Amino acid sequence: MSISHDVVERELYKARKQNGYLRNRIANAPDERVYVTVSHGKAQYYIRKDGRKVYLNQDSEMIPILLQKRYDEKCVRIIERQIKAANAFLKIDQGDELENVLEKFNPLCKEMIN
């Protein structure tokens, strides 16, 4: 197996583990989505309920939780793209292709190759 194959498999394992952790955290977060606007130089946070904007107090405990959820969702999309790319690489990479190149050469040619 090639070094690159091993590295991709290790990274794929880490990505899947992190993806599971983030998906679990998203599942345990509240269903709402927080939105941010800036008015008069100050950030205002709100959620939508029944088609209306419900503004949250600046010190609301819900704000950091919902912002973390939003960040996690974006990370999950990136990680899933990376997982897809790693799987595609592993599908086409046989792992030992480079080692077998020399084996396929004519014995007379092998002697001239370092």
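Note that the coordinates shown come from a computational prediction; the quantities given were computed from them, not determined experimentally.

Here we look at unusual backbone geometry
Now for step 1: Of note, the phi angle at His40 is positive, near 55 degrees, even though the residue is not glycine.
Now for step 2: Residue placement: His40 occurs in the loop between strand E1 (35–39) and strand E2 (42–49).
Now for step 3: Look at Asp50: it is not a glycine, yet its phi comes out positive at around 50 degrees.
Now for step 4: Looking at the element boundaries, Asp50 is found in the loop between E2 and strand E3 (52–56).
Now for step 5: Note on Asp50: relative accessible area 79%, which makes it exposed.

Some points on a nonpolar patch on the surface
Now for step 1: A cluster of nonpolar side chains, contributed by Val101, Leu102, Phe105, Met112 and Ile113, occupies part of the molecular surface with about 470 Å² of accessible area.
Now for step 2: Of note, Leu102 is situated in the loop between helix H3 (97–101) and helix H4 (107–110).

Side note on the pattern of salt bridges
Now for step 1: In total, this model carries 5 salt bridges according to the counting rule given.
Now for step 2: Between Arg23 and Glu80 there is a salt bridge; the shortest N-O distance is 2.6 Å. With Arg23 in helix H1 (residues 3–28) and Glu80 in helix H2 (residues 62–92), this pair connects stretches of sequence that are 57 residues apart.
Now for step 3: Arg23 sits in the partly exposed class, given a relative accessible area of 45%.
Now for step 4: Here Arg25 ties to Asp72 by a salt bridge, and the two come within 2.8 Å at their closest N and O atoms. Of this pair, Arg25 sits in helix H1 while Asp72 sits in helix H2, and the two are 47 residues apart along the sequence.
Now for step 5: Owing to a relative accessible area of 31%, Arg25 belongs among the partly exposed residues under this scheme.
Now for step 6: The class for Asp72 is buried, based on a relative accessible area of 1%.

As for the sheet that holds E1
By way of backbone hydrogen bonds, the strands of a sheet pair with one another, either parallel or antiparallel.
Now for step 1: The 3 strands lie next to each other as E1-E2-E3, forming an open sheet whose pairing is antiparallel. Of all strands in the sheet, those with a lone pairing partner are E1 and E3, marking the two edges. When the angles between neighbouring strand axes are averaged without regard to direction, this sheet yields 40 degrees.

A word on the packing of aromatic side chains
Now for step 1: Counted under the stated rule, the structure contains 2 aromatic pairs.
Now for step 2: On the basis of an interplanar angle of 20 degrees and a centroid distance of 5.3 Å, the ring pair of Tyr35 and Tyr46 is categorised as stacked. Separated by 11 residues along the polypeptide, Tyr35 in strand E1 and Tyr46 in strand E2 bring together distant segments of the chain.
Now for step 3: A ring pair is formed by Tyr46 and Tyr55, whose centres lie 5.4 Å apart and whose planes are at 50 degrees; its orientation type is tilted.
Now for step 4: Overall, the relative accessible area of 46% leaves Tyr55 in the partly exposed class.
Now for step 5: Ring-pair connections join several aromatic residues into one group, and the members of that group are Tyr35, Tyr46 and Tyr55.
Now for step 6: Its guanidinium or amino end placed over the ring of Tyr35, Arg48 lies 5.5 Å from that ring's centre, counting from NZ or CZ.
Now for step 7: In this structure, Lys53 packs its charged tip against the face of Tyr46, placed 4.8 Å from the ring centre.

What counts, and where the lines are drawn
- Residues numbered from 1 in each chain as written.
- Predicted model: local features only at pLDDT ≥ 70, side-chain atom pairs only at ≥ 80, totals over all residues.
- Heavy atoms only, no water.
- Helix = DSSP H or I, 4+ residues; strand = E, 2+ residues; numbered from the N terminus.
- Buried < 20%, exposed > 50% of the residue type's maximum accessible area, 1.4 Å probe, protein only.
- Patch = residues over 30% accessible without salt bridge, like charges linked within 9 Å, V, L, I, M, F, W, Y side chains within 5 Å.
- Areas by Shrake-Rupley, 256 points an atom, 1.4 Å probe, with all protein chains shown as cover.
- Salt bridge = Lys/Arg side-chain N within 4 Å of Asp/Glu carboxyl O.
- Pairing = 2+ DSSP bridges.
- Axes fitted to C-alpha atoms, helices over the stretch in contact; angles between N-to-C directions.
- Phe/Tyr/Trp six-rings, centres within 6.5 Å; stacked < 30°, edge-to-face > 60°.
- Lys NZ or Arg CZ within 6 Å of the ring centre and 35° of its normal.

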